Each structure stands twice: as C-alpha cells, then as structure tokens.
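A closer look at the structure
Single-letter residue listing:
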Amino acid sequence: MSDPSPKPSFGSLLRRPETGSFLGLAAVFLFFTVFGGSNFASLTGAASWLNVAASLGIIAIPIGLLMIAGELDISIGSMVPAGSMTCAIISGHFGLPIAVGVIAALCLGALVGLVNGMLVVRTAVPSFIVTLGTLFAVAGLTLGLSVLITGTTSVSIKAGPEAKFLLGHFIGGIYQVTILWWIAAAIFWGFVLHYSPYGNWILAMGGDKVSARNAGIPTERVTIFLFMCSSMSAAFVGLSQAILYNSAQVSAGQSYIFNAIISVVVGGVLLTGGYGSVVGIVLGTLTFAIVNQGIYYTPFDANWASLIIGVLLLVAVLMNNTFRRMALSYTPSRKVK
Amino acid sequence: MPTPLLTLQGINKSFGPIDVLHDINLEVYPGEVLCLLGDNGAGKSTLIRLLSGVHKPTSGTITLAGKPAAFASPRDASNAGIATVHQFGGTFPLMSIGRSFFVGEEPKKGWGPFKTFDRKTANDIAVKAVRDLGITRITDGDRLVGGLSGGERQALAIARAVHFGASVLILDEPTAALGVKEAAHVLRIVLQARQKGIAVIFITHNVVHALTVGDHFAVLIKGAKAADFRKGDKTREEITDLMAGGEQMAELEAEIKSYMSSHPG
Ligand SMILES: Nc1ncnc2c1ncn2[C@@H]1O[C@H](COP(=O)(O)OP(=O)(O)OP(=O)(O)O)[C@@H](O)[C@H]1O
Ligand SMILES: [Mg+2]
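In this report, the structure presented in the accompanying data block is examined. From a predicted model like this one, the values you see are computed outputs, not experimental measurements.

Conventions and cut-offs
- Residues numbered from 1 in each chain as written.
- Chains lettered and ligands numbered in written order.
- Predicted model: local features only at pLDDT ≥ 70, side-chain atom pairs only at ≥ 80, totals over all residues.
- Heavy atoms only, no water.
- Contact = heavy atoms within 4.5 Å.
- Buried area = accessible area lost by both parts, 1.4 Å probe.
- Helix = DSSP H or I, 4+ residues; strand = E, 2+ residues; numbered from the N terminus.
- Nonpolar A, V, L, I, M, F, W, Y, C, P; charged D, E, K, R; others polar.
- Salt bridge = Lys/Arg side-chain N within 4 Å of Asp/Glu carboxyl O.
- Buried < 20%, exposed > 50% of the residue type's maximum accessible area, 1.4 Å probe, protein only.
- Donors = N, O, S within 2.8 Å, 3.2 Å for Na, K, Ca; no water.
- Axes fitted to C-alpha atoms, helices over the stretch in contact; angles between N-to-C directions.
- Parallel < 35°, antiparallel > 145°, perpendicular 65-115°, else oblique.
- Left-handed = near helix turned anticlockwise from the far one by under 90°.
- Polar contact = N/O pair within 3.5 Å; in protein donor to acceptor, adjacent residues only side chain to side chain.
- Pairing = 2+ DSSP bridges.
- Phe/Tyr/Trp six-rings, centres within 6.5 Å; stacked < 30°, edge-to-face > 60°.
- Lys NZ or Arg CZ within 6 Å of the ring centre and 35° of its normal.
- Right-handed = clockwise from strand over helix to strand, strands pointing away.
- Core = buried A, V, L, I, M, F, W, Y, C linked by side-chain atoms within 4.5 Å.
- Near = heavy atom within 4 Å.
- Areas by Shrake-Rupley, 256 points an atom, 1.4 Å probe, with all protein chains shown as cover.
- Lys, Arg positive; Asp, Glu negative; His and termini not counted.

Remarks on the interface of chain B and chain A
At the interface, 34 residues of chain B touch 38 residues of chain A. Interface area for chain B against chain A, summed over the two sides, is near 2900 Å², with a carbon-plus-sulfur share of 55%. It is B:L94, B:R99 and B:R119 in chain B that bury the most area against chain A; as a group they hold 22% of the surface buried on that side. When contributions to the side of chain B that touches chain A are tallied by element, the ones reaching two or more residues are α2 (74-79), β8 (116-117) and α4 (119-132) of chain B. When grouped by side-chain class, the residues that make up the side of chain B that touches chain A number 13 nonpolar, 9 polar and 12 charged.

Comments concerning the pattern of salt bridges
Residues and elements named next belong to chain A. Enumeration according to the criterion identifies 9 salt bridges over all chains in this entry. For the salt bridge of R122 with E220, the shortest nitrogen-to-oxygen distance reads 3.4 Å. Of the two residues, R122 sits in helix α5 (residues 98-123) while E220 sits in helix α11 (residues 219-245), which places them 98 residues apart along the sequence. Judged by relative accessible area, which is 57%, R122 ranks as exposed.

Brief notes about the coordination of the magnesium ion (ligand 2)
Residue and element names in this part refer to chain B. Protein-derived coordination of the magnesium ion (ligand 2) comes from S45 (OG) and Q87 (OE1), at a distance range of 1.9 to 2.2 Å. Of this pair, S45 sits in helix α1 (residues 44-51) while Q87 sits in the loop between β6 (82-85) and α3 (97-101), and the two are 42 residues apart along the sequence. Here Q87 falls in the partly exposed class, since its relative accessible area comes to 22%.

Remarks on the packing of helix α13 (residues 278-294) of chain A against helix α14 (residues 304-329) of chain A
Residues and elements named next belong to chain A. Contact geometry of α13 with α14 gives a least axis separation of 8 Å together with a crossing angle of 155°. Classified by the angle between their axes, α13 and α14 sit roughly antiparallel to one another. Note on packing geometry: the crossing formed by α13 with α14 is right-handed. Residues T287, F288, V291 and N292 of α13 lie in contact with α14, whose contacting residues are A305, I308, I309 and L312. For the contact of α13 with α14, a count of residues per class yields 6 nonpolar, 2 polar and no charged.

Points about the packing of helix α12 (residues 254-266) of chain A against α14(A)
All names here are of chain A. Packing of α12 against α14 leaves a shortest axis separation of 9 Å and a crossing angle of 40°. One way to sum up the angle between α12 and α14 is to call them oblique. For the pair α12 and α14, the sense of crossing is left-handed. Together, I262, V265 and V266 of α12 and I309, L313, A316, V317 and N320 of α14 make up the contact between the two elements.

Section: the side chain of A:S277
Residue and element names in this part refer to chain A. Looking at where S277 falls in the secondary structure, it is placed in the loop between α12 and α13. By relative accessible area, which is 0% here, S277 ends up buried. Within the structure, S277 has its side chain in polar contact with the backbone nitrogen of G280 (distance 3.0 Å). Apart from residues lying up to four places away in sequence, S277 is in contact with P17, E18, I68, L193, H194 and V269.

Quick look at the pairing of strand β3 (residues 33-38) of chain B
Residues and elements named next belong to chain B. Burial of β3 is extensive: 6 of the 6 residues sit out of reach of the surface. Because side chains alternate across β3, one face comprises the buried residues V33, C35 and L37, and the other comprises L34, L36 and G38, equally buried. Here β3 runs beside strand β10 (residues 199-203); their pairing, made up of 4 bridges, is parallel. Pairing of C35 across the sheet is with F202, part of β10. Sheet analysis places β3 next to strand β11 (residues 216-221), joined by 5 bridges and oriented parallel.

Concerning the packing of aromatic side chains
All told, the structure shown has 18 aromatic pairs over all chains when counted by the stated rule. Centroid distance A:F32 to A:F40: 5.9 Å. Interplanar angle 40°. Geometry classified as tilted. With respect to burial, A:F32 and A:F40 carry one shared label: buried. A cation sits over an aromatic face here: B:K13 above B:F15, 5.0 Å from the ring centre. It is B:K234 that lies over the ring of B:F229; its NZ or CZ is 5.2 Å from the centre.

As for the pairing of β10(B)
Along a regular strand, successive side chains alternate from one face of the sheet to the other. Residue and element names in this part refer to chain B. Most of β10 is tucked away, with 5 of its 5 residues classed as buried. Bridge analysis of strand β9 (residues 168-172) against β10 gives 5 bridges, and the strand direction is parallel. Bridging across to β10, I170 finds its partner in I201. For the crossover from β9 across helix α6 (residues 180-195) to β10, the handedness is right-handed.

Description of the nonpolar core
Among the nonpolar cores identified, the biggest contains 95 residues, and A:I61 and A:I202 are the most heavily contacted of them. Top element by residues in this core is helix α3 (residues 43-68) of chain A. It accounts for 14 residues. Contacts of A:I61, omitting those with residues within four sequence positions, involve A:W182, A:A185, A:A186, A:W189, A:V278, A:I281 and A:V282. Grouped together as the second largest cluster of nonpolar side chains are 47 residues, B:A122, B:V145, B:A159 and B:V190 included.

Quick word on the environment of B:S45
Residues and elements named next belong to chain B. Owing to a relative accessible area of 13%, S45 belongs among the buried residues under this scheme. Measuring from C-alpha to C-alpha, the distance between S45 and I24 comes to 14 Å, with 21 residues separating the pair along the chain. When neighbours within four sequence positions are excluded, S45 is seen to be in contact with Q87, D172 and I203.

A short note on the site of ligand 1
Residue and element names in this part refer to chain B. Around ligand 1, the surrounding shell holds 14 residues, and the nearest of these are N40, G41, K44, S45 and T46. Separating an oxygen atom of ligand 1 from a backbone N or O atom of A42 is a distance of 3.2 Å. Considered on its own, ligand 1 offers 640 Å² of accessible surface; in the complex 66% of this is hidden by protein. Of all the secondary-structure elements, those providing two or more residues to the shell around ligand 1 are β2 (18-28) and α1. With 3 residues, the single largest contributor to the shell around ligand 1 is α1. For the shell around ligand 1, the residue count by class is 4 nonpolar, 7 polar and 3 charged.

Some thoughts on the side chain of B:R160
Here B:R160 shows up in helix α5 (residues 150-164). No salt bridge is formed by the buried B:R160; the nearest opposite charge belongs to B:E105, separated by 4.9 Å. Once you skip the residues sitting within four places of it in the chain, B:R160 turns out to touch A:A215, B:S100, B:F101, B:F102, B:V103 and B:E105.

Right, dumping it as structure tokens:
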C-alpha cells in the first residue's frame with residue numbers, strides 16, 4: 001500500500017517498505033503456531049496478542065510517522081500514564097463527566113506535543129534529547145500532581161456505559177474495543193501517508209529537511225503537528241486503558257517507548273527517516289505482540305521472548321537495509337537506445 | 001529600454017556577525033540569462049537564497065514585476081513564480097521520481113478532504129520532463145531517486161524547476177555534476193526558458209557555459225558586486241580573471257607552468 005500501484009511487479013514489491021516486515025510476521029506466526037499449538041492460534045490466543053498490539057499500535061503509527069519525518073518521540077512513555085491519570089483524576093477523583101476527563105487528557109497530550117514540537121523546531125536540539133527531557137518532566141509532573149491532589153499514585157475511575165462501550169469494553173468478552181480504534185487509526189494514517197499529498201511532505205522531510213523546506217513545505221508546522229499527534233495518541237491509549245481497567249496508575253508506560261520503536265523498525269521504517277509505510281508499522285506491531293504474548297503458549301520460559309525480540313530487531317534492520325539497497329538499484333529492464 | 005522583472009536595491013545580508021553580502025544592486029530582465037559569477041564563498045548562493053525565500057535580506061529591497069517582494073518562505077517565492085535549483089540537494093533519495101518531482105506541489109485528484117496524491121499524473125509529467133532534458137534512460141516514475149546517477153538526479157531537480165518556474169528560473173551550479181552531453185542539454189533548456197520570456201539566473205564556475213548562455217554578467221567578489229556588464233563588453237580573459245575573484249589568471253597559469261617545468265615527472 002506504499003503506493004496505489006496498478007500492476008504489482010517484482011520491482012514494485014521490492015520498493016515497498018513493508019515487504020520485509022511481512023516476511024518477518026509470517027515467520028514469527030509460523031514459529032508460534034508450530035510451538036504454541038492450537039491454543040496460540042485459537043480465538044482466545046489471538047485476542048491476547050491483538051489486545052497488546054492494539055494499544056501499542058495506536059502509539060506506534062504516529063511514532064513511525066515521526067521517524068519517517070526524521071524525528072523521534074520518547075516522551076510517550078510518560079504521556080500514557082499522564083493521559084490515564086488526568087482522565088482518572090478529573091472523572092474519578094473529582095467525579096466530573098467522563099467526557100471532560102477524556103478531553104482534558106487529549107488536550108494535555110496536545111500541549112505536551114506542542115511543547116516537544118516547538119522545542120525541536122526552535123532550538124534544533126535533536127528530538128531524542130528534547131523528548132527525553134519531557135519524558136522525565138511529564139513523569140515528575142504526573143507523580144507530583146497525583147500525590148498532591150489525591151494523596152495516592154493510583155486512582156480508580158468508574159465510567160458510564162457509553163464511555164465503556166466506546167473505549168473500554170471487550171468485544172465478545174475477549175477482544176478489547178481498542179482494536180477497532182487501532183484499525184481506524186491505521187486507515188486514517190495510511191490515507192495521510194500514502195494517499196494524501198501530505199504524505200509526500202512527511203517522506204520528503206525525512207529524506208532531506210533543507211530541500212523539503214526549500215521546496216515550499218512548511219516543515220516546522222508539519223513537525224509540530226506530528227509531535228502533537230504522537231502525544232495525543234499516547235494520551236488516548238492511557239485514558240482508554242484507565243476506562244478499560246477502571247483505574248489508573250502513575251507508572252505504566254515506560255515499556256511503550258522501546259516497544260513502539262521496535263514495532264516501527266521491524267515494520268521497515270528507516271531509522272534515519274524518509275522511508276516507511278503504515279502497513280509495515282502495523283505488521284511490525286503484530287509481530288512484536290505475537291512474540292511478546294505467543295511465548296506463553298509455548299513450552300519455553302517467557303524470558304526467552306526478549307531474546308527473540310532482540311534477534312528479530314537485528315534481523316529486521318539488516319533485512320531492511322538489504323531490501324532498500326535492492327529497491328534503490330532496481331531498474332526495470334534498462335532499454336538501451 | 002525594457003523594464004526589469006526583478007530588481008535588487010541595496011541588499012545586505014549578514015549571519016550574526018558575519019557579513020556575507022554588501023550593498024548589492026542588480027536588475028534581471030525577462031527573456032535574459034543573468035550569469036552570476038564569482039569565486040568560492042563570494043556569496044552567490046546566499047544571494048539566490050534571498051531571491052528564493054530561504055533567507056530574508058538584512059536590509060535592502062527586492063522588487064518583482066514592479067511590486068515589492070518580501071518572501072517569508074520558499075513557498076512565497078515559488079507562488080510568485082520563482083523556481084530554484086539549489087546547489088546541493090533538491091531531490092529525495094528514497095522517494096520515487098514522481099513523488100520527488102512534485103514535493104510541495106503535489107497534483108491532486110478526488111474530492112474535498114479525500115483528495116489524494118495523483119501518482120499517475122505525477123509520474124507521467126516527471127518522466128516526460130526529465131526525458132525532455134535528454135535523460136532518456138528514465139522511463140518509470142516509480143523508480144527511487146537514490147537509484148539514479150548524480151547527473152540524473154541533478155537533471156530531475158532542474159526539470160522540476162523548469163516545470164514550476166513561471167517567471168524566474170534560478171540555477172545554482174546546475175552543470176557541476178553533469179557529463180558533457182547532459183550539460184549541453186541543460187544549456188539548451190536554459191536557452192529555451194529564455195526564449196519563453198523567463199528570466200534566468202545561472203550560477204557557474206565554467207567560463208564556456210557562462211559565455212554560451214549569458215546575456216548579462218554580474219560578478220561577486222567577497223560579497224560585493226565587482227562588475228556588471230553585458231555580453232560582448234569584456235573579453236574572455238577579463239571574464240576569467242573576474243571569475244577567479246580578480247586574480248590574474250594568466251599569472252597563475254604561468255606560475256603553474258613554471259612549477260611543472262621545474263618539477264618534472
Ligand atoms: N547560514 C550561514 N551562516 C553563516 N555564514 C554563512 C551562511 N551561509 C553562507 N555563509 C557564508 O557566506 C559566504 C558565502 O557563501 P555562499 O555559499 O553564498 O558562497 P558561493 O559564492 O555560493 O560559493 P561556491 O561557489 O563555493 O558555491 C561563505 O563564506 C559562507 O561561509
Ligand atoms: Mg554556492
């Protein structure tokens with residue numbers, strides 16, 4: 001889906017960033033079907049990794065887009081608990097309507113993203129450092145304010161049936177409704193990156209920011225927009241988890257940082273920017289979630305999952321490099337005139 | 001006397017404490033090629049960056065078609081019909097030819113918020129534009145730019161500027177990376193643009209290329225305009241000396257010769 005291509009050929013397949021991640025997903029799926037037995041492939045088994053993939057995936061896509069645009073956002077690790085605490089404090093502790101909590105959490109996400117984006121654009125400090133700063137700042141703020149306001153680090157929240165239905169119920173008793181939000185996010189971002197003209201801007205910015213600006217792209221506004229989207233997505237995941245589990249904790253998000261980056265890279269996004277696809281990120285997220293959860297269905301100890309993920313990441317990076325080289329050198333039957 | 005399309009008056013540019021351009025006055029006429037010449041670091045690229053909206057002048061005014069032009073961004077300049085090929089870059093290695101060509105000016109199809117990037121149109125126009133420049137090896141707009149040779153990428157950047165340069169076309173050392181044949185194609189394109197009534201600003205270090213296309217020459221030395229003359233006003237030797245920043249090239253060449261003869265092998 002990297003480009004709406006009319007005739008799939010070997011060349012057009014090679015040019016797609018998700019080709020490698022599809023192969024990786026197939027391999028991992030096969031592995032766990034063989035070793036995980038029928039439980040892994042069952043509907044319940046699928047739910048376990050789909051649920052993990054959904055909340056991770058909602059964050060991984062905007063993170064991936066930022067990486068395609070040549071930036072990185074690790075402050076999401078604090079934005080997930082900040083989003084869920086904001087929602088829980090406003091709607092649980094203070095008892096305001098749930099919509100107020102949801103909107104406040106999203107606004108906080110937008111604000112943190114705006115700060116990230118403005119700092120990156122104005123100071124030209126690498127976004128890793130900027131968002132490392134906001135990662136700690138937001139974590140401290142969440143902890144400090146939570147204790148100050150509620151006296152605890154964990155707040156319960158009781159959502160009404162509408163909020164539960166939209167954000168926090170299990171479809172068929174096992175599938176989190178978050179999966180549908182993930183699908184919606186994937187369709188939205190897939191349209192933005194691959195079909196809308198703005199996708200071209202994001203790819204160009206990651207390829208060569210100076211040339212992109214010279215070509216008339218408002219690079220600063222796009223950068224700020226993408227940072228706002230990633231922070232808001234993290235806040236969204238946080239608040240929907242709070243509504244799902246009826247409570248919010250101060251520390252429940254740091255794992256998202258690495259997991260999202262792994263999903264994005266396994267999904268074929270180039271670390272240096274300028275190359276990647278939403279389908280690839282979705283496949284990468286699924287791959288990660290399958291390894292993460294599938295291990296429990298195998299006779300192996302769960303500790304081995306990290307080893308598999310580590311190896312998978314390295315293989316993915318190497319494979320991405322190879323595919324990219326092949327894509328670059330691919331010429332359709334050079335006609336000599 | 002024709003009226004100038006683009007006029008620069010008293011342009012100064014400094015980056016913090018570094019003064020790069022001093023009091024530049026220049027007129028660019030439609031249907032003419034202005035060759036901007038000068039040594040490395042003379043300020044040529046900086047001057048054209050002011051015209052393409054990348055930088056703003058510290059002081060002085062730019063007038064386009066009689067109206068003052070203060071470009072806040074490259075987008076403003078391109079909306080005013082000024083297209084630029086910057087010295088380095090301009091293409092995106094991991095994007096397809098079609099997408100790279102239309103960065104920032106994407107052709108769209110469809111309706112309302114669902115407008116999509118028109119890949120087919122983009123590819124067709126990009127491939128045709130590059131082939132018009134003489135790069136006939138390119139047939140597939142889906143190919144990635146990074147797979148092209150340096151000269152082919154340069155041709156792609158020039159083709160883009162020619163396509164979007166409605167009134168002013170600025171080329172910063174467009175022939176530097178090109179082979180003899182491709183350079184000739186670029187010179188032909190420059191002359192074609194000139195014939196269409198476009199004002200062309202052409203930066204080069206190559207005397208032959210400058211003399212082939214230039215109607216009007218401006219020489220920068222250390223950020224100041226050192227000479228401004230029309231075709232035929234100066235001899236080739238005088239132009240060469242000016243391009244070398246005012247050094248006597250003949251003396252330099254004599255020195256090289258004596259060095260070569262005193263250090264045989
Ligand atoms: N952004 C900047 N900040 C500080 N100094 C700059 C900046 N851009 C250019 N300069 C300085 O301005 C001077 C002129 O640079 P410019 O790139 O315009 O030269 P040029 O004439 O295009 O040279 P060349 O023929 O090598 O391309 C150089 O000394 C350069 O160091
Ligand atoms: Mg230059």
